[in-house]
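Residues per chain, in single letters:
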Amino acid sequence: MNSKIDITVAFTGHRTYKGEANAELCSTLEQLYSEGYTRFLCGMAWGWDLAAGEMVLNLKQQHPEIELIAVVPYTDFKKLFRGEDLKRYDRIINAADEVITVNEEGGNRAFALRNDYLVNNSSIIVAWWNNTPSGGTAYTVRKAQRLHRSVINLKASLQLNLF
């Protein structure tokens, strides 16, 4: 491992995530940390992203050398958040080691640029993807695969464990 990308993990997943894989996410992050991954990129959307960001912050309490980078799609993105999700967003942003905003304007382009940033600046993607063929998570997983990034899909691994 010799570059920042080599020690960096990014997250992609559905906004409908409600904590179903928190135990698996925690053990995956601990495993990745034990393998030398210490930088984590969080795309900051509600659902999977916020859960992953919180989990990284929990791990950072035990291992202060861990870095959490909040990758925000556009300047006013926070305006989409309400209630508990807004509180979670603010906690993560305020605790992040760095905040990167990839675009000034909102819209699909901003989300694509954010997803490109996540893939281009990491070597592993930890996903919560239900294998739907379209949407931001599918786009990010496919781009990661095209660029030969490792993808760990915790939703798929949980589905496999049901049988």
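Whatever comes next refers back to the structure up there.
About the cut-offs
- Residues numbered from 1 in each chain as written.
- Predicted model: local features only at pLDDT ≥ 70, side-chain atom pairs only at ≥ 80, totals over all residues.
- Heavy atoms only, no water.
- Pairing = 2+ DSSP bridges.
- Helix = DSSP H or I, 4+ residues; strand = E, 2+ residues; numbered from the N terminus.
- Right-handed = clockwise from strand over helix to strand, strands pointing away.
- 1 Å grid on protein atoms, 1.4 Å probe; cavity = no way out; pocket = protein on both sides within 12 Å on 5 of 7 lines; lining within 4 Å.
- Points joined across faces, edges and corners; volume = space filled by probe spheres on them.
- Nonpolar A, V, L, I, M, F, W, Y, C, P; charged D, E, K, R; others polar.
- Salt bridge = Lys/Arg side-chain N within 4 Å of Asp/Glu carboxyl O.
- Buried < 20%, exposed > 50% of the residue type's maximum accessible area, 1.4 Å probe, protein only.

(A) View of the pairing of strand β6 (residues 150-153). The pairing of strand β5 (residues 124-128) with β6 spans four bridges and is parallel. Considered in β6, the bridge of Val126 is made with Ile152. As for the winding sense of the linkage, the β-α-β connection from β5 through helix α5 (residues 136-146) to β6 is right-handed.

(B) How the structure looks around the layout of surface pockets. Here the largest pocket defines a volume of roughly 260 Å³. Looking at the lining of the largest pocket, the elements with two or more residues in it are β1 (8-13), α4 (108-120) and α5. Sorting elements by how many residues they give to the lining of the largest pocket places α4 first, with six residues. Looking at the lining of the largest pocket, its residues break down into six nonpolar, ten polar and three charged.

(C) Fine view of the pattern of salt bridges. Overall, the coordinates contain ten salt bridges when judged by the stated rule. Put simply, Lys79 and Asp76 hold a salt bridge, and the shortest N to O gap is 3.9 Å. On the basis of relative accessible area, Lys79 is assigned to the exposed category, the value being 59%. The class for Asp76 is partly exposed, based on a relative accessible area of 41%. Asp85 is the partner of Arg88 in a salt bridge, and the nearest nitrogen-oxygen pair spans 3.3 Å. Linking Arg88 with Asp85, this pair stays in helix α3 (residues 83-95), spanning three residues, or about one helical turn. Look at the salt bridges and you will find they share partners, linking Glu54, Glu84, Asp85, Arg88 and Arg91 into a network.

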